[in-house]
Amino acid sequence: MKIPRSYLTEKEEPLAGKTALTDQEESPAGKMALTDQEEPLAGKTALTDQEAPPAGKTALTEKEALAGKKGTREAAGKGIRFEHVTFTYPGRKEPALRDVSFAMAPGTRTALVGHNGSGKSTLVKLLCGLYQPDSGHIFIDGQDVAQMSPDALRRHFSVVFQDYGKYSFTVRENVELGDVEKMRAPVREREKAVRAALRQGLAEDLAGMLEKPLGNLSSEGTGLSGGQWQRLALSRACYRDSAICVLDEPTASLDPVAENELYANFTEMMRERACILISHRLAVARYTDRILVLEGGRLVEDGTHGSLMEREGVYASMYRAQSHWYASEET
Ligand SMILES: Nc1ncnc2c1ncn2[C@@H]1O[C@H](COP(=O)(O)OP(=O)(O)OP(=O)(O)O)[C@@H](O)[C@H]1O
Ligand SMILES: [Mg+2]
């Protein structure tokens, strides 16, 4: 395996304001709502502006779904399927996604790449039910996402969104918010699981301060660095047992050593899960089975690193633009 010299470029660092929290988001009163915030469920929760589903675009309730508002449709087969999905944000003339179709088998890992604004985050938010397509359908294991109840949909996913949550609770609670259903388990069992998740999410240094409050809401609250918050968000996703893991720029705040470590452990982290990994660091595509490339909201390329390099299209030009960062270049 070729070891990247460094993945980080200044350009790729998250924008300063992007992960900053509003007062509202840090409110302890919003504890359960904040869980949902990171676990994609529309409408129910106190979402950030960026995450908030636009008016009229929220997931249907079960009742609405049963009433057939979106019509009844099913697709054969397990896994994820997008069928001619188009989505436009309210107030925008141009769709953020245009006629996107692809299928993804269970347990497979897919990298989603493309320039800024190409529609990557929008695609995963649609998949998680945060928004509803203008047209087209998204299926999970043959069921139309538009017809699934928020709870049923939520069970499928562990998610770290690009604008992941930073909750002013204890370290332990920050991890446990990944799966509130596990809160019924005995404390000792939960603690073991929390520690395992912290290890997987590369946040083992926080295991010694499980009961430490974080954030600045209380005078005892401890601040964390951007990278530590991101590791905590990863740990929260690892804590949750789900068939599909969505990671939107999961390493943007990590130093290169931590990033290497994360991808070295990636296979173990994902176990049997399907994973959609969004990253501007194209070297990570090598840890996945397949690469989807979005450009201007369209799915323009679909293949392996090798096949897309041969194709000399968008992926190849993006990869070559970064290749001087890597110790040796393939192709
Ligand atoms: N909440 C929103 N309201 C209106 N337009 C939005 C919203 N979020 C994203 N967009 C627009 O939708 C398009 C796709 O954005 P998206 O965030 O999906 O891109 P991306 O590929 O994830 O980009 P990046 O690499 O910068 O994270 C862009 O034109 C963006 O301006
Ligand atoms: Mg994005």
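Just so you know, these numbers come straight off a predicted model, no measurement behind them.

Describing the nonpolar core
Residues L112, V113, L123, V160, V246 and I291 are the most contacted members of the largest nonpolar core, which totals 71 residues. If you tally residues by element for this core, the top one is helix α8 (residues 226-239), at seven residues. Once residues within four sequence positions are removed from consideration, V113 is found in contact with S279, L282, A285, I291, V293, Y315 and M318.

Some words on the sheet that holds strand β6 (residues 157-160)
Spatially, the six strands line up as an open sheet ordered β6-β7-β8-β3-β9-β10, and their pairing is mixed. At either end of the open sheet lies a strand with only one pairing partner, and these are β6 and β10 (298-303). Across the sheet, the mean angle separating the axes of adjacent strands is 15° when strand polarity is ignored. The sheet contact formed by strand β3 (residues 109-114) and strand β9 (residues 290-295) spans five bridges and is parallel. Directly across from G114, in β9, lies its bridge partner L294. Contacts from α8 reach β6 and β7 (244-248) within the one sheet, and its direction differs from that of β6 by about 175°. Against the sheet, helix α12 (residues 314-322) makes contact with β3, β9 and β10, and its axis sits at roughly 95° relative to β9, the strand it touches most.

Quick notes on the sheet that holds strand β4 (residues 135-140)
Spatially, β2-β1-β4-β5 is the arrangement adopted by the four strands of the open sheet, whose pairing is antiparallel. Strand pairing shows two members of the sheet lacking a second neighbour, β2 (97-104) and β5 (143-144), which therefore form its edges. Inspection of the sheet shows strand β1 (residues 80-87) paired to β2 by five bridges, in the antiparallel sense. Across the sheet, the residue bridging to R81 is A103, located in β2. Where helix α4 (residues 120-127) meets the sheet, its contacts fall on β1, β2 and β4, and the angle it forms with β1 comes to roughly 120°.

What counts, and at which threshold
Residues numbered from 1 in each chain as written. Chains lettered and ligands numbered in written order. Predicted model: local features only at pLDDT ≥ 70, side-chain atom pairs only at ≥ 80, totals over all residues. Core = buried A, V, L, I, M, F, W, Y, C linked by C-beta atoms within 7 Å. Buried ≥ 20, exposed ≤ 12 C-beta atoms within 10 Å, placed from the backbone. Helix = DSSP H or I, 4+ residues; strand = E, 2+ residues; numbered from the N terminus. Contact = placed C-beta atoms within 7 Å. Pairing = 2+ DSSP bridges. Axes fitted to C-alpha atoms, helices over the stretch in contact; angles between N-to-C directions.

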